[in-house]
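Understanding the architecture of this molecule
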Amino acid sequence: MKKVLIITTICIALVAGIGGIAYNACKKSPLYSLKKAGEALRDNNPILIEKYLDTDSLIGKMIDEKLSETPELAGNPFAVGLANMLKPTLVEAAKTSFLSAVQNKAAEAKEAGQQVSYLKSVKILDKDDTAATVELILYAKNNEELKLVLAMQKKEDYWQIKYLINSKEIYSIIEKETKN
């Protein structure tokens, strides 16, 4: 009887230990951070949004990419200097607009008594100790899919979205949608 009790106790301790290790590993994964970022967006929590989305880097890189595609800037050092000087203002304005859009969407969903869900699937494409590439497939208009490929960076005990890898593809979709 004592042997059964001892073996049962050891099995329970092993299962609890393995479960704890697995939970801790999961909690420190990019997917867990994406889940927390989604919750922050859903709950309109700007502090957690900033924790899981490096909005300055994300928006700054998008602005840099758009400016680099502008032929008027290519050979004009004055225009490049002016654009760089205005970039912090542009980043702050885009960030404010983004957070306002999140707040409005969260308020609309709360008012309607429903949760907004855009995520269709998520998978890690590449991961090492300090960086990860993650693919998100979102539901878009007309039951189409929108694929986001995100670069994430490891912070202390969480991961943070740094920039969109497929931003040019996203720009073309946005331009197409705004023309319609």
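Placed above this text is the structure.
These numbers come from a predicted model, not from an experiment.

This part takes up the overall build of the protein. If you tally the helices and strands in the protein, you get 7 helices and 4 strands. Written out in order from the N terminus, the α and β elements of the protein read α-α-α-α-α-α-β-β-β-β-α. Per-residue burial for the protein yields a buried fraction of 28% across its 180 residues. Sequence-distant contacts, at least 24 apart, represent 47% of the contacts inside the protein between residues at least 6 apart.

Where nonpolar side chains cluster on the molecular surface, the patch consists of Phe-78, Leu-82, Met-85, Leu-86 and Leu-90 and spans about 530 Å² of accessible area. Among the secondary structure elements, Met-85 is positioned in helix 6 (residues 77-112).

Bringing the sheet that holds strand 2 (residues 131-139) into the picture now. An order of 1-2-3-4 is seen for the 4 strands of this open sheet, with the pairing classed as antiparallel. Looking at the sheet topology across the chains shown, the edges are occupied by strand 1 (119-127) and strand 4 (159-164). Across the sheet, the mean angle separating the axes of adjacent strands is 30° when strand polarity is ignored.

This brings us to the environment of Ala-94. Looking at the secondary structure, you find Ala-94 in helix 6. Its relative accessible area of 29% is what places Ala-94 among the partly exposed residues. Separated by 38 residues in sequence, Ala-94 and Asp-56 have C-alpha atoms that sit 9.3 Å apart.

Our focus in this paragraph is the pattern of salt bridges. As enumerated under the stated definition, the model contains 9 salt bridges in all. One salt bridge in this structure joins Lys-35 and Glu-39, with 3.3 Å as the shortest N-O distance. Placement of both Lys-35 and Glu-39 in helix 2 (residues 30-42) is noted, with a separation of 4 residues, approximately one turn of the helix. Classification of Glu-39 by relative accessible area gives buried; the value is 19%. A salt bridge links Asp-56 to Lys-95; the shortest N-O distance between them is 3.3 Å. Taken together, the residues span a long stretch of sequence, with Asp-56 in helix 4 (residues 55-68) and Lys-95 in helix 6 at a distance of 39 residues. On the basis of relative accessibility, which here comes to 12%, the residue Lys-95 falls in the buried class. Three or more residues joined by partner-sharing salt bridges are found here, namely Lys-35, Lys-36 and Glu-39.

Here we take up helix 4. In this model, helix 4 (14 residues) spans 20 Å end to end at C-alpha, consistent with the 20 Å of a helix rising 1.5 Å per residue. Within the sequence span of helix 4, burial applies to Thr-55, Leu-58, Ile-59, Gly-60, Ile-63 and Glu-65.

Pairing of strand 1 with strand 2 involves 7 bridges; the strand directions are antiparallel. For Lys-127, the partnering residue across the bridge sits in strand 2 and is Ala-132. Counted along the chain from strand 1 to the antiparallel partner strand 2, the turn is 3 residues long.

What counts as what
- Residues numbered from 1 in each chain as written.
- Predicted model: local features only at pLDDT ≥ 70, side-chain atom pairs only at ≥ 80, totals over all residues.
- Heavy atoms only, no water.
- Helix = DSSP H or I, 4+ residues; strand = E, 2+ residues; numbered from the N terminus.
- Buried < 20%, exposed > 50% of the residue type's maximum accessible area, 1.4 Å probe, protein only.
- Contact = heavy atoms within 4.5 Å.
- Patch = residues over 30% accessible without salt bridge, like charges linked within 9 Å, V, L, I, M, F, W, Y side chains within 5 Å.
- Areas by Shrake-Rupley, 256 points an atom, 1.4 Å probe, with all protein chains shown as cover.
- Salt bridge = Lys/Arg side-chain N within 4 Å of Asp/Glu carboxyl O.
- Pairing = 2+ DSSP bridges.
- Axes fitted to C-alpha atoms, helices over the stretch in contact; angles between N-to-C directions.
- Expected span 1.5 Å × (residues − 1).

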